[in-house]
Amino acid sequence: MTSKLTAILPDLAPWRSSRDFRLLFVQGLVTYFGSFMAMIALPLQIKHLTDSPLAVGAMGAVELVPLVVFGLYGGALADSADRRKVIALTEAGLGVLAGLLLVNALLPEPLLWPLYVVAAGVSALAGLQRPALDSLMARIVPHDQLTAAAALNSLRWQTGAIAGPAVAGVVVAYAGHATAYGVTVVGFAVSVALCTRLKAAPASENAPKPSLRGIAEGARYAWSRPVLLGTYAVDLAAMFFAFPNAVFPFLADDLDAEWALGLMYAAGSVGSVIVGLTSGWASRVRRHGQLVVYGAAGWGLAIAAAGWFSSVWAVLVCLAFAGAGDMLSGLGRSTIWNQTIPEELRGRLAGIEVLSYSVGPQLGQVRAGALAGWSGTRPAIWSGGLACVVSVGLLSAALPKLMTYDADTDEDAQRRRARQGAAAAEPVG
């Protein structure tokens, strides 16, 4: 019985083997909780000021360009600078932006335009930070523990995604937007303190300086790898067609369940956490491309069902199933990225990864908000879910190497494993 239970519980090997992984885990938990408080309070404040689905969805358009530009530059920066410094400085910048939201919320009549300006700034700093944060993982965690690390990181993220929205809904309703932003500021202050305790993670001596040429080199590598292209394309399609978060405030109104808004934001994370808490099996999976495809298709089906049902409890269950599918797809993507990408390109490819899993939701917010304003909230949700399933199916057929990827036989994965093993065998000093 004990052995069966151990087989499904999360694999804690990365936590035991890496001090920096433990620090990043705690830092991320604190940051995610505070960030999700702001992520819920910000669209709610726009809704309260405008009562417009399009105005809420426009956040995605405002965030898109900074995310693309700084995400690509952040990838090049991660290959040429100390990744610890990049993470700490961008965390501090995000804390300052949260402070600006707090100041605006405390005004007698809060202004609308600062909300969009801060949203764009947050997107830019997140684009700079994520490649450094993501590329650091393959350096501090042994190759054979990467899937376990991805599961633990996702579990951490989803824990914040549950607690943040659930608490934020109550906080905004009873204490106001300013209190939610204040919690966010405190969270970033704690996070910066933890980041300063990480070991230095400098680039190699011959690392190129950030440049368009270096970014193009990373893009050429990604384009030459059908498996990587498949992970990017599937995630982009899934999020573009089936990311309905921007219209949740209006869905709650349609279902006469404003009390359930925080639960709607948190429900997907509940499904993801359930998968994370039973993810011990994931360390034994070798066909990670199939996780990407089947997980994304499951996400789309569940989102379509959420838009179809008129019972708020059925909607919440569907959103939980969607989160489970997204978790499976994310495990596959993260493992493939960390298993196959060379260290010297890791930052630049992480910049492309940021675009693949961030641009989709931003465009998805615009799509959902615009379509909801034209056809209604629920049709905008269920039609997007169905479009997601179709697009994922077409992409898996067009890129068959994604479905046949095997961690034990893929040449890039074997090469990456050999390099990490050689680096670990080098004498210290």
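Everything below is about the structure shown above.
Since the model is a prediction, treat every value here as computed from it, not as a measurement. (Residues numbered from 1 in each chain as written. Predicted model: local features only at pLDDT ≥ 70, side-chain atom pairs only at ≥ 80, totals over all residues. Heavy atoms only, no water.)

The next subject is the overall build of the protein chain. Across its full length, the protein chain holds 18 helices and zero strands. Its C-alpha atoms give the protein chain a radius of gyration of 21 Å, near enough to 22 Å, the size a compact globule of 429 residues would have. If you line up the protein chain on its principal axes, its C-alpha atoms span 60 × 50 × 45 Å. Buried residues in the protein chain amount to 56% of all 429 residues. Accessible surface for the protein chain amounts to roughly 18,000 Å². Of this, 68% is attributable to carbon and sulfur atoms. Distance from the positive charge centre (30 side chains) to the negative charge centre (27 side chains) of the protein chain: 7 Å. (Helix = DSSP H or I, 4+ residues; strand = E, 2+ residues; numbered from the N terminus. Rg over C-alpha atoms; globule rule 2.2 N^0.38 Å. Buried < 20%, exposed > 50% of the residue type's maximum accessible area, 1.4 Å probe, protein only. Areas by Shrake-Rupley, 256 points an atom, 1.4 Å probe, with all protein chains shown as cover. Lys, Arg positive; Asp, Glu negative; His and termini not counted. Charge placed at Lys NZ, Arg CZ, Asp CG, Glu CD.)

Considering all chains together, one arrives at eight salt bridges under this definition. In this structure, Lys47 and Asp253 form a salt bridge, with 3.7 Å as the shortest nitrogen-oxygen distance. Residue Lys47 is located in helix H3 (residues 19-50), and its partner Asp253 is located in helix H11 (residues 248-254); the two are separated by 206 residues in the primary sequence. Given a relative accessible area of 14%, Lys47 falls into the buried group. Residue Arg287 pairs with Asp406 through a salt bridge whose shortest N-O separation is 3.4 Å. Here Arg287, found in the loop between helix H12 (261-277) and helix H13 (288-308), pairs with Asp406, found in the loop between helix H17 (400-404) and helix H18 (411-425); they are 119 residues apart in sequence, far enough to count as distant. Take Arg287: its relative accessible area is 37%, and that puts it in the partly exposed class. (Salt bridge = Lys/Arg side-chain N within 4 Å of Asp/Glu carboxyl O.)

As a further point, take the environment of Leu371. Along the chain, Leu371 turns up in helix H15 (residues 346-375). Taking C-alpha positions, Leu371 is 42 Å from Ala81, a pair spaced 290 residues apart along the chain. The residues touching Leu371, leaving out its near neighbours within four places in the chain, are Gly376, Ala380 and Ser383. (Contact = heavy atoms within 4.5 Å.)

What follows deals with the environment of Gln365. By the secondary structure assignment, Gln365 is in helix H15. Overall, the relative accessible area of 11% leaves Gln365 in the buried class. For the pair Gln365 and Met59, spaced 306 residues apart in sequence, the C-alpha to C-alpha distance is 7.5 Å. Gln365 has contacts with Gly57, Gly60, Glu63, Phe243 and Ala246, leaving out every residue within four places of it along the chain.

What follows concerns a nonpolar patch on the surface. On the surface, Leu107, Leu111, Trp113 and Val117 cluster together into a nonpolar patch covering about 400 Å² of accessible area. With respect to the helices and strands, Leu111 occurs in the loop between helix H5 (83-105) and helix H6 (113-140). Under the relative-accessibility criterion, Leu111 is labelled partly exposed at 37%. (Patch = residues over 30% accessible without salt bridge, like charges linked within 9 Å, V, L, I, M, F, W, Y side chains within 5 Å.)

What follows concerns the state of the cysteines. Going through the model one piece at a time under the given rule, you end up with zero disulfides. In this structure Cys388 is a free cysteine whose sulfur lies 14 Å from that of Cys318, the closest cysteine sulfur available. (Disulfide = S-S within 2.5 Å.)

The subject of this paragraph is the packing of H13 against helix H16 (residues 377-398). Where H13 meets H16, the closest approach of the two axes is 7 Å, and the angle between their N-to-C directions is 160 degrees. In terms of orientation, H13 lies roughly antiparallel with respect to H16. Two packed elements cross with a definite hand, and for H13 against H16 that hand is left-handed. Here Val293, Ala296, Ala297, Trp299, Gly300, Leu301, Ile303, Ala304, Gly307 and Trp308 of H13 come into contact with H16, specifically with Arg378, Ile381, Trp382, Gly385, Leu386, Cys388, Val389, Val392 and Ser396. (Axes fitted to C-alpha atoms, helices over the stretch in contact; angles between N-to-C directions. Parallel < 35°, antiparallel > 145°, perpendicular 65-115°, else oblique. Left-handed = near helix turned anticlockwise from the far one by under 90°.)

Viewed as axis vectors pointing N to C, H3 and helix H4 (residues 53-78) meet at an angle of 140 degrees, and their least axial separation amounts to 8 Å. With respect to each other, H3 and H4 are oriented oblique. When the axes of H3 and H4 are compared, the crossing they make is right-handed. Contact with H3, carried on its side by Leu42, Pro43, Ile46, Lys47 and Thr50, involves Ala55, Val56 and Met59 of H4 and no other residues of that element. Class assignment of the residues belonging to the contact of H3 with H4 gives a composition of six nonpolar, one polar and one charged. (Nonpolar A, V, L, I, M, F, W, Y, C, P; charged D, E, K, R; others polar.)

Before going further, it helps to examine the packing of aromatic side chains. For the coordinates displayed, the defined rule picks out seven aromatic pairs. With a centroid separation of 5.3 Å and an interplanar angle of 70 degrees, the aromatic rings of Phe248 and Tyr265 are classed as edge-to-face. Of this pair, Phe248 sits in helix H11 while Tyr265 sits in helix H12, placing them 17 residues apart in sequence. Considered together, Phe248 and Tyr265 belong to a single accessibility category, that of buried residues. Taken together, a centroid distance of 6.0 Å and an interplanar angle of 80 degrees make the contact between Trp308 and Trp382 edge-to-face. With Trp308 in helix H13 and Trp382 in helix H16, this residue pair connects regions lying 74 residues apart in the sequence. Under the relative-accessibility criterion, Trp308 is labelled exposed at 59%. (Phe/Tyr/Trp six-rings, centres within 6.5 Å; stacked < 30°, edge-to-face > 60°.)

What follows concerns the side chain of Thr377. Position of Thr377 among the secondary structure elements: in helix H16. Thr377 sits in the buried class, given a relative accessible area of 9%. A distance of 3.4 Å separates polar atoms of two side chains, one belonging to Thr377 and the other to Asp254. Sequence-distant contacts of Thr377, defined by excluding residues within four places in its chain, comprise Val247, Phe250, Leu251, Asp254 and Ala372. (Polar contact = N/O pair within 3.5 Å; in protein donor to acceptor, adjacent residues only side chain to side chain.)

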